[in-house]
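Structural description and commentary
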Amino acid sequence: MASDGCQPMERFSKKNGFTASGSDGSAQKSWASCPSSMRQQQNYPGTHQYSSGGGGGGGGGYGSSTGGYSVSGYVNGYNPTLPAYPPTRAQIEQMQKNGQQFLPPPGQQFYQGGRKPTAVWDGPAPAGDPNKPKPGTPYYLKTPEESKFDASVEQESVALGGGANGYRLPMFGCVPKNASKCLKYECVRHVRCGSSKESEDLELAKSAIASSSRPRESLFVSAVLACDEWGKVEESCDAVLSKLGLESLDLFSIEWPMQMDKSVTLGHAWKQMEALVSKGKVKSLGVCNFSVLAVENLVKACEIKPVVNEVELHPMLSQRKLVGVCRRWGLALLSRGSICAGVKEVREHQRLLDASSAADESDPKDINSILTRWSIQRGVAVILDEAMEDSEVEACCKAAKFRLNNAQKVCIDSMEPIAKLQGKHRFMKGPEGFQFDDPFLGGLARPGLEVNPL
């Protein structure tokens, strides 16, 4: 028994004594008494324009008066549960030959009198923006608009910790051995010092800061905590402050995520660093050489989150995933080894030479300027950490006065190695026994990026 009370059609087969071949067959009469058919007849009484047999045997064509409902359950040859379709041309011609007028089936009247207005656009496709390339045109055939250098909107620093405390990381920084040369340029406002054990560097930094004509508030001074100093964090910080002759540091970072003393974990060391912020000896905390996994594990467990991750970054080690994850967690990136001094694999790369040739007439073609600008233009602050001549420092600082054009960006981006070689072009070595994490571990999983090691 069907859900509407109708008998299954097998009950009306010939083997059970019924026939559907005639217009008054038992099956036809039984279907007429079906509750669904009775309801349809009540809703649409006196509809006799169409045959009840459809294309089957016994039923007439259009114009038959055998009744409005067929044994197949169709209403005058049309199924009300399906979309309405107009008759075919052959059906209309046959109706015209018979002198009949086509009328739509009950409940499926086609709109007579023009297009029925709807809320959905169903007309011709709009022409769209005439300045856009036509569909199917490769994107590279239309040259994107060049961004012009504007000193008034150029980014000179990066907000730390979302900018809530007002602390900002300058885009240009230097190490103590270059501080006396670099601080002559207005764009360089960050002196990145070493740990408490690097007394010579700290003395150079103190001398450069003292000889600079700038007030202390205009300079950003940072230092790091060595791997073997995790158990004496405050003592190490005090030693750095004493050697620099300062009362506080703008940034204090863990140099490497490597545990030397098994009795002191990273979490324990970070708790001591958080205490330095409470005491006013340090304004903000950071990390160095942390991978995606290391960053995520730390920010999920600490109370005062790091605001800077200092890592090696250059066109052959762009670390796009790490940069994106750090920014989602509120960490600014600080680049080390950005100009790859002495690394021919980068500095003599053909695509980098092409980028130099593609420079505008008014822009510098020096490799140091282009590599430094590549980091600055992607919002990553840099540290001029190699031993440099005065001309090299000047070339790097010129990066604050121009922008890479589109052709240069295409050339430099093409230097990035394929996925299997990501992380293989590191030129800065860590402490003995330290191993870098897989650059694809952590963060959001992306299908298709599972990489088998070579």
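Read on for an overview of the structure. Predicted model only: the values in this text are computed from it and were never measured. (Residues numbered from 1 in each chain as written. Predicted model: local features only at pLDDT ≥ 70, side-chain atom pairs only at ≥ 80, totals over all residues. Heavy atoms only, no water.)

**Re the overall build of the protein**
- Along the backbone of the protein there are 14 helices and 10 strands.
- Put simply, the protein has 454 residues, and 41% of those count as buried.
- The contacts of the protein with a sequence gap of at least 6 include a subset with a gap of at least 24, amounting to 69%.
- Of the roughly 25,200 Å² that the protein leaves accessible, carbon and sulfur atoms contribute 52%. (Helix = DSSP H or I, 4+ residues; strand = E, 2+ residues; numbered from the N terminus. Buried < 20%, exposed > 50% of the residue type's maximum accessible area, 1.4 Å probe, protein only. Contact = heavy atoms within 4.5 Å. Areas by Shrake-Rupley, 256 points an atom, 1.4 Å probe, with all protein chains shown as cover.)

**Notes on the packing of aromatic side chains**
- Applying the stated rule across the entire model yields 3 aromatic pairs.
- Ring geometry for Trp256 against Phe436: centres 6.1 Å apart, planes inclined by 65 degrees, an arrangement best described as edge-to-face. Of this pair, Trp256 sits in the loop between β6 (251–254) and α7 (266–279) while Phe436 sits in the segment after α14 (406–413); the two residues are 180 residues apart in sequence, bridging distant segments of the chain.
- What makes Phe436 partly exposed here is its relative accessible area of 32%.
- The structure contains a cluster of three or more aromatic residues connected by ring pairs, namely Trp256, Phe434 and Phe436.
- In this structure, Arg426 packs its charged tip against the face of Phe436, placed 4.1 Å from the ring centre. (Phe/Tyr/Trp six-rings, centres within 6.5 Å; stacked < 30°, edge-to-face > 60°. Lys NZ or Arg CZ within 6 Å of the ring centre and 35° of its normal.)

**Re the packing of helix α11 (residues 350–357) against helix α12 (residues 367–377)**
- Packing of α11 against α12 leaves a shortest axis separation of 10 Å and a crossing angle of 100 degrees. Between α11 and α12, the angle is such that the two are roughly perpendicular. Contact with α11, carried on its side by Leu352, Leu353, Ala355 and Ser356, involves Ile367, Ile370 and Leu371 of α12 and no other residues of that element.
- Tallied by class, residues from the contact of α11 with α12 come to 6 nonpolar, 1 polar and no charged. (Axes fitted to C-alpha atoms, helices over the stretch in contact; angles between N-to-C directions. Parallel < 35°, antiparallel > 145°, perpendicular 65-115°, else oblique. Nonpolar A, V, L, I, M, F, W, Y, C, P; charged D, E, K, R; others polar.)

**Section: the pairing of strand β7 (residues 285–288)**
- Burial along β7 is two-sided: the residues Leu285 and Val287 and Gly286 and Cys288 are all buried.
- Direction of pairing for β6 relative to β7: parallel, over a ladder of 3 bridges. When the sheet's bridge partners are listed, Ile254 is paired in β7 with Val287.
- Regarding the hand of the β-α-β motif, the stretch spanning β6, α7 and β7 is right-handed.
- Each parallel crossover has a hand, and the one from β7 via helix α8 (residues 292–299) to strand β8 (residues 308–312) is right-handed. (Pairing = 2+ DSSP bridges. Right-handed = clockwise from strand over helix to strand, strands pointing away.)

In short, geometric facts, not functional conclusions.
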